[in-house]
Amino acid sequence: AQRVTQPEKLLSVFKGAPVELKCNYSYSGSPELFWYVQYSRQRLQLLLRHISRESIKGFTADLNKGETSFHLKKPFAQEEDSAMYYCALKKLTGGGNKLTFGTGTQLKVEL
Amino acid sequence: EPEVTQTPSHQVTQMGQEVILRCVPISNHLYFYWYRQILGQKVEFLVSFYNNEISEKSEIFDDQFSVERPDGSNFTLKIRSTKLEDSAMYFCASSDIAGASNEQFFGPGTRLTVL
């Protein structure tokens, strides 16, 4: 079974401080990992995916298969980063498109 | 930029009533999904739909639920006889391809309240 764990419900940091949103997963096959973000009163939108190895809005995430983690990081938090962040997993191969989400972490960036 | 749209934004219904939640996926997309989020809980997969049939469904998606693509643009989720525990935010999503790296684009959601 697929499972995604985000241990922090709320993470509060000061502007300019580093951010790390934790995500651990459980899956026996090869997963594809995503981070989705939901800004206040907006829809869920894709932030980044591990396959692309890209940096979006200063955020990066590295898939660590040994630790089964996909933590989201940003060196300097900005006020506009305040949002709900969801880690999600999908099977990489073998068909099926369902996303399995974690419970989400509310990031609050304070001035 | 094309977006997934959903109507209504909020639906209030009495227990036992049927509800239909509507979605208009992005026009060139071929894969459609419904997810739900009960207040305070995680977003959960309900069903995926491709080529006019269900391709995958979760345990939540029992006989009370059905999906349909009645025309070339709409994608609906019907709950036949609503229960209190069906109260949740329902999200529609669509994607243009399957497999690795497909991005699912989400709608704004419909908040369903069952009284």
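No experiment lies behind these values; they were computed from the predicted model shown.

(A) Examining the overall build of chain A more closely. Looking only at helices and strands, one finds 0 helices and 11 strands in chain A. Secondary structure elements of chain A occur, N-terminal to C-terminal, as β-β-β-β-β-β-β-β-β-β-β. For 111 residues, the compact-globule estimate of 2.2 N^0.38 gives 13 Å, and chain A sits close to it at 14 Å. Oriented by its inertia axes, the alpha-carbon framework of chain A measures out at about 45 × 30 × 25 Å. Contacts in chain A between residues far apart in sequence, at least 24 positions, make up 58% of those at least 6 positions apart.

(B) Region of the structure containing the state of the cysteines. Residue and element names in this part refer to chain A. Inspection of every chain in the model, using the stated rule, returns 2 disulfides over all chains. Two residues, cysteine 23 and cysteine 87, share a disulfide whose sulfurs are 2.0 Å apart. Its S-S torsion of about -65° marks the bond between cysteine 23 and cysteine 87 as left-handed, since a negative value means left-handed. A residue pair is termed long-range when its members are at least 10 positions apart, and cysteine 23 in the loop between β3 (19–21) and β4 (24–26) and cysteine 87 in strand β9 (residues 83–91) qualify at 64 residues.

(C) How the structure looks around the packing of aromatic side chains. If you walk through the whole model with that rule in mind, you get 15 aromatic pairs over all chains. Between phenylalanine 101 of chain A and phenylalanine 106 of chain B the ring centres are 6.1 Å apart and the planes differ by 75°, which places this aromatic pair in the edge-to-face class. Here phenylalanine 106 of chain B lies in strand β10 (residues 105–106) and phenylalanine 101 of chain A lies in strand β10 (residues 100–101), a pairing that spans two chains. Of the two residues, phenylalanine 101 of chain A and phenylalanine 106 of chain B, neither departs from the other in class, the shared state being buried. In this structure an aromatic cluster arises from ring pairing among Phe34, Tyr36, Tyr86 and Phe101 of chain A together with Tyr33, Tyr35, Phe45 and Phe106 of chain B.

(D) How the structure looks around the sheet that holds β3 of chain A. The sheet built from 3 strands is open, its strands ordered β3-β8-β7 (chain A) with antiparallel pairing. Each edge of the sheet is formed by a strand with only one pairing partner; in this case those strands are β3 and β7 (60–61) of chain A.

(E) Looking closely at the pattern of salt bridges. Taken as a whole and assessed by the stated rule, the structure comprises 7 salt bridges over all chains. For glutamate 3 of chain B, the salt bridge goes to arginine 43 of chain A, with nearest N and O atoms at 3.5 Å. With one member in each of two chains, glutamate 3 of chain B in the segment before β1 (5–7) and arginine 43 of chain A in the loop between β5 (31–38) and β6 (45–49) form a pair that bridges those chains. Look at glutamate 3 of chain B and you get partly exposed, because its relative accessible area is 49%. In the salt-bridge network here, residues are joined through shared partners; they are Glu20, Lys22 and Lys73 of chain A.

(F) Inspection of the side chain of glutamine 104 of chain B at higher detail. Structurally, glutamine 104 of chain B can be placed in the loop between β9 (88–95) and β10. In terms of polar contacts, glutamine 104 of chain B uses its side chain to reach the side chain of tyrosine 35 of chain B, at 2.8 Å. Sequence-distant contacts of glutamine 104 of chain B, that is, excluding residues within four places in its chain, are made with Tyr36, Asn97 and Leu99 of chain A together with Tyr33, Tyr35, Ala93, Ser94 and Ser95 of chain B.

Cut-off values and rules
Residues numbered from 1 in each chain as written. Chains lettered and ligands numbered in written order. Predicted model: local features only at pLDDT ≥ 70, side-chain atom pairs only at ≥ 80, totals over all residues. Heavy atoms only, no water. Helix = DSSP H or I, 4+ residues; strand = E, 2+ residues; numbered from the N terminus. Rg over C-alpha atoms; globule rule 2.2 N^0.38 Å. Contact = heavy atoms within 4.5 Å. Disulfide = S-S within 2.5 Å. Phe/Tyr/Trp six-rings, centres within 6.5 Å; stacked < 30°, edge-to-face > 60°. Buried < 20%, exposed > 50% of the residue type's maximum accessible area, 1.4 Å probe, protein only. Pairing = 2+ DSSP bridges. Salt bridge = Lys/Arg side-chain N within 4 Å of Asp/Glu carboxyl O. Polar contact = N/O pair within 3.5 Å; in protein donor to acceptor, adjacent residues only side chain to side chain.

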